[in-house]
Amino acid sequence: MSKFVFNRSKNSLMAIPFTDREMEKAWYQNLCAYKNSQETSRTNAHRLLLFYAVECGLKTILMKRKGHKRSDSCTDIAECQHNINKLLDCLGAGGSLNIPEIFISEVFDTRNNKEERKLNSGQINQMWRYGGKVISIVSQKQKASDEDIENKLLAISKWIAGEIERL
């Protein structure tokens, strides 16, 4: 979970550094908060917790495998940002765990023309944060739902748990 602070002297955004232990704790706490919810139907808020748990878990594994104690010393983290698939690729775990590109509901421009919105795995957090809904998977032209992406994140989370246990 990257946080940003405005550095007035450089006029740029810089990620706040976190330790591998803090990142692992964030993975666990976000996952527990997601799982402990008593809601029978998940909302975007629940899914965001799961998304951030997965992001933190993947970054934890990346840091530990590369021997980094702080997130700011791991260049892969800066390059991948929130993109789950890029993080999986850095860990050699892509393939079946990758999240497909998705379409969300159309939006209309100022001339009332429909605009398609295609998202990658690094934009899912924005979609759920702002109330978007998954409508289809790009490559397969088939209907999909938020639950489909949620289930994919749960599969990744299960893989993360096994990897963290081995480290």
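## Description of the packing of helix α1 (residues 20-36) against helix α2 (residues 44-66)
- Close contact between α1 and α2 brings their axes to 8 Å; oriented N to C, the two are set at 155 degrees. Classed by the angle they form, the pair α1 and α2 counts as roughly antiparallel. Of the two possible hands of crossing, α1 and α2 adopt the one that is left-handed. Contacts from D20, M23, E24, A26, W27, N30, L31, A33 and Y34 of α1 reach α2 at H46, L49, L50, Y52, A53, V54, C56, G57, K59, T60, M63 and K64.

## Topic: the sheet that holds strand β5 (residues 134-137)
- Taken in spatial order, the four strands line up as β4-β3-β5-β6 in an open sheet, and their pairing is antiparallel. Edge positions in the sheet fall to β4 (114-119) and β6 (142-143), since each has one partner strand and no second.
- Sheet topology note: the strand β3 (residues 102-108)/β4 ladder contains five bridges and is antiparallel. Residue F103 lies in a different strand from β4, and its bridge partner there is K118.

## Let's talk about α1
- In a regular helix each residue adds 1.5 Å, so 17 residues correspond to 24 Å; α1 covers 24 Å between its end C-alpha atoms and thus fits that length.
- Along α1, the residues classified as buried are D20, M23, A26, W27, N30, L31 and Y34. Buried residues of α1, viewed axially, fall in a sector of 120 degrees; they line one side. Those residues of α1 that are exposed and aimed more than 90 degrees away from the buried face are R21, K25, Y28 and N36.
- Residues of α1 that are buried make contact with α2 and α6 (146-166).

## Quick word on the packing of aromatic side chains
- Inspection of every chain in the model, using the stated rule, returns one aromatic pair.
- Ring centres of F51 and Y52 lie 5.5 Å apart, and the angle between their planes is 85 degrees; this geometry places the pair in the edge-to-face category. A single burial state applies to F51 and to Y52, both of which are buried.
- In this structure, R42 packs its charged tip against the face of Y34, placed 4.3 Å from the ring centre.

## Details of the state of the cysteines
- Per the counting criterion, the structure on display carries zero disulfides.
- Take C74: it sits in no disulfide, and the sulfur closest to it among the cysteines is that of C90, at 7.9 Å.
- Classification of C74 as buried rests on a relative accessible area of 2%.

## Observations concerning the pairing of β3
- Here β3 pairs with β5 via three bridges, running antiparallel. Looking across to β5, one finds that I104 is bridged to V134.

## Examining the confidence of the model for the protein chain
- Per-residue confidence for the protein chain gives a mean pLDDT of 90, with 90% of residues at or over 70.
- Low pLDDT, under 50, characterises residues 1-12; the stretch is placed with 25 contacts to residues that sit more than four places away or in other chains.

## What about the pattern of salt bridges?
- Going through the model one piece at a time under the given rule, you end up with 12 salt bridges.
- Two residues, R47 and E147, come together in a salt bridge whose shortest N-O distance is 3.1 Å. Placement of R47 in helix α2 and of E147 in helix α6 is noted, with a sequence separation of 100 residues between them.
- Residue classification places E147 among the partly exposed positions, given a relative accessible area of 40%.
- The residue R166 makes a salt bridge to E163 at a minimum N-O spacing of 2.7 Å. Taken together, the residues span about one helical turn, with R166 and E163 both in helix α6 at a distance of three residues.
- On the accessibility criterion, R166 (62% relative accessible area) is exposed.
- Each of R42, R47, E147 and E150 takes part in one network of salt bridges that share partners.

Conventions we followed
- Residues numbered from 1 in each chain as written.
- Predicted model: local features only at pLDDT ≥ 70, side-chain atom pairs only at ≥ 80, totals over all residues.
- Heavy atoms only, no water.
- Axes fitted to C-alpha atoms, helices over the stretch in contact; angles between N-to-C directions.
- Helix = DSSP H or I, 4+ residues; strand = E, 2+ residues; numbered from the N terminus.
- Parallel < 35°, antiparallel > 145°, perpendicular 65-115°, else oblique.
- Left-handed = near helix turned anticlockwise from the far one by under 90°.
- Contact = heavy atoms within 4.5 Å.
- Pairing = 2+ DSSP bridges.
- Expected span 1.5 Å × (residues − 1).
- Buried < 20%, exposed > 50% of the residue type's maximum accessible area, 1.4 Å probe, protein only.
- Arc of directions from axis to C-beta.
- Phe/Tyr/Trp six-rings, centres within 6.5 Å; stacked < 30°, edge-to-face > 60°.
- Lys NZ or Arg CZ within 6 Å of the ring centre and 35° of its normal.
- Disulfide = S-S within 2.5 Å.
- pLDDT = per-residue confidence, 0-100.
- Salt bridge = Lys/Arg side-chain N within 4 Å of Asp/Glu carboxyl O.

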